[in-house]
Amino acid sequence: MSNQITAPFTTASGSDVRVRFCPSPTGTPHVGLVRTALFNWAYARHTGGTFVFRIEDTDAERDSEESFEMILDGLKWLGLNWDEGVGVGGPHEPYRQSERSDIYLDVIEKLKASGHVYESFLTGEELDERNKANGRAVQLGYDNSERELSEEAKAAYKAEGRSPALRVRVPDVDITFNDLVRGEITFPAGSFPDFVVVRPNGQPLYTLVNPVDDALMGITHVLRGEDLLSSTPRQIALYNAMFEAGITKFIPQFGHLPFVMGEGNKKLSKRDPESNLFHHRDRGFIPEGLLNYLALLGWSISADRDVFSLEEMIAAFDVKDVNPNPARFDQKKADSINASHLRLLTVDDFASRIVRYLQDAGVVSKEVTASEQAILTAAAPLIQERIVVLSEAVPMLSFLFTTADKIVVEEDAKAGLPAESKEITLAAVAVLEGIDDFKTETIQAALTQKLIEELAHKPRNAFGPLRTAISGKRISPPLFESMEILGKAETLERLSLFARSL
RNA sequence: GGCCCCAUCGUUUAGUGGCCUAGGACGUUGCCCUUUCACGGCAGUAGCACGGGUUCGAAUCCCGUUGGGGUCACCA
């Protein structure tokens, strides 16, 4: 055992890269968490390395199976697949920490045997009292006073019925590492005391199991949130202990990703709806759009472009290019990116992605019928360039899946109507009744001829009432196309009904 | 408080000593297109936190100041 860092940092690159995503299953998946998963995944795919998925469920108080399922659901939806880990297995099973107790016990024994961890009997309260008595700031915490406890002293504590926690003996040297996104960072010797890794009841803590699993699973690049930055020197000390105890061969490279901020200068809170992955899915973000936006939080593909595919990201992504500044989650920008991706979809793909939202809103049947499918196919291209998130398809298209008697004219639609709405609508009815070939072009030609040219109405005034009549809304898909989809009979009925209501 | 991180338009990002009288995108403003809403097009708005250095030359390097954030658990 030496009083310095003797373990080497790994130089692994290319297909030797092993990264991991290791969430704790607490609560709903957070977009910051997803961003971390994305960067790890992208780095693995870029290098041709391995992406490991592990679950850190060592906190029985807060962990839940429900949360675990949500993480799985989220990753699957986003398409962030993993090569090794929960569900797919691999050479380092199991991948849920709750099932790795024996492994930790074994590591703890080795660390005890090599003298890198030692027994510590002082409780938190005792430490505080001791600091006060010595005129030492309470915030400084443990003072390493039990490093050289004699066997007699330990025996005496145990005779009192006390069980010791286990602490890692931290070398009294500056600890330096080269952060992949921030460059060289040094923590001066004495920045933190020997820390607890095992509770008196034998329960290993996160401080132990996280680095232990990374070491045992051969993780070469640890890419995680900035909040873990200050615990990195502690982990390096532990890695060093494991190295000297023959448990691992190297210390991984670390890269600390910037925070994802919310309003003000605070981290995006779990209580903020924008932090919830499923909130975005429910609004109708598509994986391509959300991932693209999340990638922009700390990274960029080039100076003049910010809409790109996952394939393009994989080809270009390197942690070294990640910006260390904290990034604010901007819903407007996110929406815009999503809208761009919506427009990039093929019409069929777009149409199929809308279905779920229409079903959830009760606009179409659980089993889409043939006639519903026909309307959907005809209407999807009309709104693909008009919506930002898929859920907007619901108010946009619902009028196509109902009948004349169910149309309710909304207030904002009424507000903008011209005084001559009734005459206009009646004139439209008269014109359309004479049309046999009820197609967009024919409808438009006839209506334009009559209302604009003959009756000299402004287009806005002429078509506004008709739009309201058939959809009940101020905003709708293009008017003539909508009429064609509805068909002659339904269109005339809606127009007549509307005219009568005026 | 100790330690650590961060600092370019409102937001995000390009920029690694001269290509920068600082570029893109979102937002915003005006205009064009237009049956609504969008899409699209054009134009505009707006930024290197501050102070010292180093250098022929600094957004870029160094130091300091200020501001913001994180972390100091027998949580993860």
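Quick notes on the rules
Residues numbered from 1 in each chain as written. Chains lettered and ligands numbered in written order. Predicted model: local features only at pLDDT ≥ 70, side-chain atom pairs only at ≥ 80, totals over all residues. Heavy atoms only, no water. 1 Å grid on protein atoms, 1.4 Å probe; cavity = no way out; pocket = protein on both sides within 12 Å on 5 of 7 lines; lining within 4 Å. Points joined across faces, edges and corners; volume = space filled by probe spheres on them. Helix = DSSP H or I, 4+ residues; strand = E, 2+ residues; numbered from the N terminus. Nonpolar A, V, L, I, M, F, W, Y, C, P; charged D, E, K, R; others polar. Pairing = 2+ DSSP bridges. Axes fitted to C-alpha atoms, helices over the stretch in contact; angles between N-to-C directions. Parallel < 35°, antiparallel > 145°, perpendicular 65-115°, else oblique. Left-handed = near helix turned anticlockwise from the far one by under 90°. Contact = heavy atoms within 4.5 Å. Near = heavy atom within 4 Å. Polar contact = N/O pair within 3.5 Å; in protein donor to acceptor, adjacent residues only side chain to side chain. Salt bridge = Lys/Arg side-chain N within 4 Å of Asp/Glu carboxyl O. Buried < 20%, exposed > 50% of the residue type's maximum accessible area, 1.4 Å probe, protein only.

**Some points on the layout of surface pockets**
Alright, step 1. Taken as a whole, the largest pocket holds about 1200 Å³ of empty space.
Alright, step 2. The dominant element in the lining of the largest pocket, judged by the number of residues it contributes, is helix H1 (residues 31-47), at five residues.
Alright, step 3. Taken together, the residues of the lining of the largest pocket sort by class into 16 nonpolar, 15 polar and 12 charged.
Alright, step 4. Space inside the second largest pocket adds up to approximately 290 Å³.

**Overview of the sheet that holds strand S5 (residues 165-168)**
Alright, step 1. Spatially, the three strands line up as an open sheet ordered S4-S5-S8, and their pairing is antiparallel. Both outer strands of the open sheet, strand S4 (117-120) and strand S8 (196-198), are each paired with one neighbouring strand and no more. Recorded for the sheet is a direction-independent mean angle of 45° between the axes of neighbouring strands.
Alright, step 2. When S5 meets S8, the two strands line up antiparallel, connected through two bridges. Its bridge partner lying in S8, Leu 166 is registered against Val 198.

**As for the packing of helix H16 (residues 421-433) against helix H17 (residues 440-454)**
Alright, step 1. Packing of H16 against H17 brings their axes to within 10 Å, and their N-to-C directions diverge by 130°. Our classification of the angle between H16 and H17 gives oblique. Crossing angle aside, the handedness with which H16 passes H17 is right-handed. Residues Ile 424, Ala 427, Ala 428, Val 431 and Leu 432 of H16 lie in contact with H17, whose contacting residues are Ile 443, Ala 446, Leu 447, Lys 450 and Leu 451.
Alright, step 2. Partitioned by chemical class, the residues of the contact of H16 with H17 number nine nonpolar, no polar and one charged.

**Quick notes on the protein's contact with RNA strand B**
Alright, step 1. Surrounding RNA strand B, one finds 57 residues, the nearest of these being Ser 24, Arg 182, Lys 333, Arg 386 and Arg 467.
Alright, step 2. A share of 74% is what sugar and phosphate atoms reach among the atoms of RNA strand B within 4 Å of the protein.
Alright, step 3. A distance of 3.5 Å is found between a sugar or linking oxygen of RNA strand B and a side-chain nitrogen or oxygen belonging to Glu 226.
Alright, step 4. Here a phosphate oxygen of RNA strand B sits 3.0 Å away from a polar atom, N or O, in the side chain of Asn 323.
Alright, step 5. For the surface near RNA strand B, the per-class residue count stands at 22 nonpolar, 14 polar and 21 charged.

**Considering empty space enclosed by the protein**
A water-sized probe rolled over the atoms picks out the places where empty space is left.
Alright, step 1. What the rule picks out here adds up to three cavities of 30 Å³ or more.
Alright, step 2. Together, Phe 21, Pro 29, Leu 33, Val 34, Ile 71, Gly 74, Leu 75 and Leu 277 line the largest cavity.
Alright, step 3. Counting residues per element, the ones that place at least two in the lining of the largest cavity are H1 and helix H2 (65-78).
Alright, step 4. At three residues, H2 tops the list of elements feeding residues into the lining of the largest cavity.
Alright, step 5. Among the residues making up the lining of the largest cavity, the classes are represented as seven nonpolar, one polar and no charged.

**Observations concerning the pattern of salt bridges**
Alright, step 1. Overall, the coordinates contain 35 salt bridges when judged by the stated rule.
Alright, step 2. In this structure, the salt-bridge partner of Glu 490 is Arg 494, at a minimum N-O distance of 2.8 Å. Residue Glu 490 and its partner Arg 494 are both found in helix H20 (residues 488-501); the two are separated by four residues, about one turn of the helix. An identical accessibility class is assigned to Glu 490 and Arg 494; each is buried.
Alright, step 3. Residues joined in a network through salt bridges with shared partners are Arg 20, Arg 54, Glu 56, Arg 100, Asp 213 and Asp 214.

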